[in-house]
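What follows is the residue order along each chain.
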Amino acid sequence: MTAVVVVGAQWGDEGKGKIVDIFTEHADMVVRYGGGPNAGHTLVVGDDKLVVRLIPSGILRPQTVCVLAQGMAIDPASLVAELDELGKRGLVRQVGSLVVSDRAHAILPYHVLVDGLREQRPGALGTTKRGVGPCYEDKAARRGVPLGALRDLGRTRELVEHALACWRPTVRELGGEAPSVGEVMAKLEDLAPRVVPLLAETSRLVADAVRAKKAVLFEGAQGTLLDIDHGTYPFVTSSHATAGGACTGVGVGPSRIDRVVGLVKAYCTRVGGGPFPTELTDEVGERLRRRGDEFGSVTGRPRRTGWLDLPALRYAVRVNGLDGLALTKLDVLTGLRELKVCTAYRTSGGVTEDFPIDEVDRATPIYETMPGWTEEVSAARSLSALPRAAHEYVRRIERDTGCPVVLVSVGSRRDETIVLADPFAAAATSS
C-alpha cells in the first residue's frame, strides 16, 4: 500500500501530531490537504515540544518531503515565521523538502481582522481568529488570492483591491477599520521572496509519487465532526475535514487511496461553541483537562472534555470509510476507577444507536459504566501488557465500531506507543 489518509474522528485535537510523526517513519511524502494555521500539532522530540500549525508533522523525518496542498488556507506571514522557527532547530533541510501549492489561498490581514471582529459578537462560533473562515469565503466567492499570484505582485494588487472593496462594508458594520491596499501589499512584498521559491503545482507532484508506489501519507486537520458538510453545522470549520477532503484538497482520485486511519481520543474534547452531548462540567472533566493537558496548541484555550461517544465514533467510521483506529491518550484515564461510555441516544424519534447529527443539541446520551484502572500504562508496548480494564476498554471500542485499533498511545513521547499495525501494510495485526 502506498497512499494512506490519517483523519481526525472526533472534534479535532485527537493527537494527530504524534501519530503522524510515528506513521511517517517510512513515509516518502506527507501531504496536508485542508485547514490552515487554525490546526496546531504538538510534537514531543526528546524533552522538547514543538508546535506546528501549517507544516506537516513529517517535517521531523529527514527523508520525507512535506507538501502543503491546494485545499489549504495559508497565511504567508505565519508560514515564514514557522519556517524561521523550524530553521533554528535544523528541521528545514534542503530545497524541495517543503513544497507549497501555488493554488492554495492566502490568508491576508483583512481575513484575520474580520475573524477577530466576528468573534467579539454574541453567539460567535469560537474560531481561532486566524482568518481561515473569511479566506475560504473569498475562495468560494471567486475573489480569493492564490499564493501563485505572488509571482506577479501587480496581479496580486488587483486581487487585493477587489477583495477589500467587498470586505470594507462588513468591517465597518463590525466596528473596525479595514487596512489599505498599500498596507496589505507592503507586507506581501516582504513575504513574496520567501514564499514564491516554495511554490509548485503540487497535485502532479503527489500524483507522481503515488503512481511511483512511494509511501504517501495524507494528513488531515480538525476532525470529522467539524467537517463543513458532515459536522455539527453551523459549529464547524470551513473546509472538508473528512477523508474525502484528501481527494479534493490534493487533487488525487479516490481510487488512489489505499487505507484510511481515524484518530480518536480515549475520551472526547471540543474547543469553542457547539453541541457536545457527553461533556463533563464536574471534577472529572477538570481532571481530564489537567491530566490530558487539554489546552489549544494554537489558542491556549481550555478544551471542553467529556466521555467517549461511541455513536459519534461509528458515524466517523462510516463517513470516512475507516480501515483502522489510532487510539490516543489512553494514559489520561488512569486513576479513574469508573468510566462511562455513551452507547446510544434518546431522541425525538426514540432510542437510537446512530449519532443524531441533526438534533445532537437536543438528544440525551445513554451511558454504560465500565471499570477503570489505577495502574500506569506508559510502559506498555503491547495490549497484553495493559491492565485488564484498559485492555477491555480498547477491545470495546473495536467491537462497538466494527473497526480494528491499529495503534494505542499511552503517553506523549514517541516511544510511549503500542503499534499494532503498519498503516502502509495491507493487513492489520494485533497482540
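These numbers come from a predicted model, not from an experiment. (Residues numbered from 1 in each chain as written. Predicted model: local features only at pLDDT ≥ 70, side-chain atom pairs only at ≥ 80, totals over all residues. Heavy atoms only, no water.)

## With respect to the packing of helix α3 (residues 109-119) against helix α4 (residues 132-140)
Stated formally: All axes are obtained by fitting lines to C-alpha atoms, using only the stretch in contact for helices, and the reported angles, taken between N-to-C directions, cover 0 to 180 degrees. Counting from the N terminus, the helices are DSSP H or I runs at least four residues long and the strands are E runs at least two residues long. Angle categories are assigned with fixed cut-offs, so that under 35 degrees is roughly parallel, over 145 is roughly antiparallel, 65 to 115 is roughly perpendicular, and the rest are oblique. Crossings are classed by handedness, with left-handed meaning an anticlockwise turn of the near helix from the far one by less than a right angle and right-handed meaning a clockwise turn. Here, residues are in contact when the closest pair of their heavy atoms is within 4.5 Å. Under the grouping applied here, Gly and all other residues not named as nonpolar or charged are polar, the nonpolar ones being Ala, Val, Leu, Ile, Met, Phe, Trp, Tyr, Cys and Pro and the charged ones Asp, Glu, Lys and Arg.
Closest axis-to-axis distance for the α3/α4 pair is 7 Å, and the angle between their directions is 120 degrees. Taken together, the axes of α3 and α4 are oblique relative to one another. By crossing handedness, the relation of α3 to α4 is classed as right-handed. Packed against α3, whose contacting residues are Tyr110, His111, Val114, Asp115 and Arg118, the element α4 presents Val132, Pro134, Cys135, Glu137 and Asp138 at the interface. Broken down by class, the residue content of the contact of α3 with α4 amounts to five nonpolar, one polar and four charged.

## Notes on the sheet that holds strand β20 (residues 405-409)
Inclusion rule: Only strands joined by at least two bridges in the DSSP assignment are considered to pair.
Across the sheet, ten strands lie side by side as β9-β7-β5-β2-β10-β1-β11-β16-β20-β21; this open sheet has mixed pairing. In this open sheet, the two strands that pair with only one neighbour each are β9 (199-200) and β21 (417-419). In this sheet, β21 lies alongside β20 in antiparallel orientation, the contact comprising three bridges. Across the sheet, the residue bridging to serine 409 is threonine 417, located in β21. Packing against the sheet, helix α1 (residues 16-23) makes contact with β1 (3-8), β2 (29-32), β10 (216-219), β11 (259-265), β16 (324-328), β20 and β21, and its axis sits at approximately 120 degrees to β20.

## Some words on the environment of threonine 374
Topologically, threonine 374 is positioned in the loop between β19 (364-371) and α11 (388-401). In the structure, threonine 374 is positioned 15 residues away from alanine 389 in sequence and 9.6 Å away in space, judged by C-alpha atoms. Among residues more than four places away in sequence, those in contact with threonine 374 are Thr334, Gly335 and Arg337.

## Topic: the state of the cysteines
Here is the rule we go by: Any two cysteine sulfur atoms within 2.5 Å of one another count as a disulfide. Note on classification: 1.4 Å probe, protein chains only; a residue is buried when its accessible area is under 20% of the maximum for its type, exposed when over 50%, partly exposed between these limits.
Inspection of every chain in the model, using the stated rule, returns zero disulfides. Counting only cysteine sulfurs, cysteine 342 is the nearest neighbor of cysteine 268, a cysteine outside any disulfide, at a range of 8.6 Å. The class for cysteine 268 is buried, based on a relative accessible area of 2%.

## Focus on the nonpolar core
The condition is simple: To qualify as a nonpolar core, a set must consist of buried Ala, Val, Leu, Ile, Met, Phe, Trp, Tyr and Cys residues joined through side-chain atoms within 4.5 Å.
Formed by 59 residues in total, the largest nonpolar core has its most connected members in Val206, Phe218, Leu330, Leu386 and Tyr393. Ranked by residue count, the leading element in this core is α11, at five residues. Not counting residues up to four positions away in its chain, the partners in contact with tyrosine 393 are Ala266, Leu308, Leu330, Leu333, Leu339, Val341, Met370 and Trp373. Counting residues in each nonpolar core, the second largest holds 42 residues, with Tyr110, Ala149, Trp167 and Leu188 among its members.

## Structural notes on the side chain of asparagine 320
The criterion, for reference: Pairs of N or O atoms are called polar contacts if they sit within 3.5 Å, as long as, within protein, a hydrogen donor faces a hydrogen acceptor (for residues adjacent in sequence, only side-chain-to-side-chain pairs).
On the secondary structure map, asparagine 320 appears in helix α10 (residues 310-320). Polar side-chain contacts of asparagine 320 include one of 2.9 Å to the backbone oxygen of alanine 316. Filtering out sequence-adjacent residues up to four positions away, asparagine 320 remains in contact with Val7, Thr224, Thr242, Ala243 and Val260.

## Some thoughts on the packing of helix α5 (residues 153-173) against helix α6 (residues 181-195)
Put simply, α5 and α6 touch, their axes get as near as 10 Å, and they point 140 degrees apart. As judged from the angle between their axes, α5 and α6 are oblique. In this structure, α5 crosses over α6, and the sense of that crossing is right-handed. Along the contact surface, α5 presents Leu153, Thr156, Arg157, Val160, Glu161, Leu164 and Arg168, while α6 presents Val181, Val184, Met185, Leu188, Glu189 and Ala192.

## Let's talk about the pairing of β16
Judged by how many residues are buried, β16 sits mostly within the fold: five of five residues are covered. Alignment of β11 against β16, held across five bridges, turns out to be parallel. Bridging from a neighbouring strand, leucine 263 pairs with alanine 326 of β16.

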